[in-house]
Amino acid sequence: MMDATKGAITLGLVFSLGLGTGWMLWRPKPAPPAVYHPPIQQGDGSQVIEVKPDAHVKPPHQIPHGATVEDEVQVVVQPNQPAAPASLPPSGSVALEPSRPCPPVTVDLSVIRMADGTRRVVASSPDGSILRAVQIPVEAAKPQSKMLKWAAGPSWNPSDRTYGAWVERDAGPLRFGADLYQVREPIAAGGRLSVAGMIRIGIRF
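Residues numbered from 1 in each chain as written. Predicted model: local features only at pLDDT ≥ 70, side-chain atom pairs only at ≥ 80, totals over all residues. Heavy atoms only, no water.

On a plain count of helices and strands, the protein chain comes out with one helix and nine strands. Listed N to C, the secondary structure of the protein chain is α-β-β-β-β-β-β-β-β-β in terms of helices and strands. When the 205 residues of the protein chain are sorted by exposure, 9% land in the buried category. Sequence separation of 24 or more characterises 36% of the internal contacts of the protein chain that already satisfy a separation of 6 or more. Roughly 17200 Å² of accessible area belongs to the protein chain as shown, and the carbon and sulfur atoms make up 63% of that amount. (Helix = DSSP H or I, 4+ residues; strand = E, 2+ residues; numbered from the N terminus. Buried < 20%, exposed > 50% of the residue type's maximum accessible area, 1.4 Å probe, protein only. Contact = heavy atoms within 4.5 Å. Areas by Shrake-Rupley, 256 points an atom, 1.4 Å probe, with all protein chains shown as cover.)

Here it is as structure tokens:
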């Protein structure tokens, strides 16, 4: 009875140690906190946008029901094309009014996470209407590697030179396993071989 109790305690300690070690090694790492980053002007005229964290900023446009706002982006663009003259010259006159530069245009963007986990972008402008806007997922569009759910193989017990086989199957957060192995009786009892089995279930982390 005492040996069985010690064995159960030892098994519990080993199991707890394994869970703790696995959690330390494979626990998800927290995302780094949002901090200020200055803008970076690049050689091709593009700009790495300034980062100014603000948990209380409100989107300037409607957000779909159930969506969560992840980032607010505002871009102010100075068009290259000059504006048309305010008025045409009188008939027969060759004098033209100098072209006026187009006023800056502001575009507001909201990066949102939908209820199904997908990410979308809401766009609007106080200076006009959105004629065309395209979101092109890049990372999520890459072919995903096939998730392997089955595993199987042989087993060997070197202490009494017996063999076996095992199979495992992942299902969500659970892992199911089955073992089939040889059991050798003590030599004093004849040393005969028999077959035993075991079913396992665990939590993936």
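Inspection of the secondary structure puts Ser 125 in the loop between strand S5 (119-124) and strand S6 (150-157). You can call Ser 125 buried: its relative accessible area is 15%. Reaching out from Ser 125, the side chain makes a polar contact with the backbone oxygen of Thr 106 at a distance of 2.5 Å. Within the structure, Ser 125 has its side chain in polar contact with the backbone nitrogen of Asp 127 (distance 3.1 Å). When neighbours within four sequence positions are excluded, Ser 125 is seen to be in contact with Val 105, Thr 106, Val 107 and Ile 130. (Polar contact = N/O pair within 3.5 Å; in protein donor to acceptor, adjacent residues only side chain to side chain.)

Moving on: the sheet that holds strand S7 (residues 162-171). Pairing in this open sheet of four strands is antiparallel, and the strands run S6-S7-S8-S9 from one edge to the other. With partners counted over all chains shown, the strands left at the sheet margins are S6 and strand S9 (193-203), one partner each. In this sheet, neighbouring strand axes are inclined to one another by 15° on average, regardless of whether the strands run parallel or antiparallel. Examined bridge by bridge, S7 and strand S8 (residues 174-184) share eight bridges and lie antiparallel to one another. Paired with Ala 165 across the two strands is Leu 180, which belongs to S8. (Pairing = 2+ DSSP bridges. Axes fitted to C-alpha atoms, helices over the stretch in contact; angles between N-to-C directions.)

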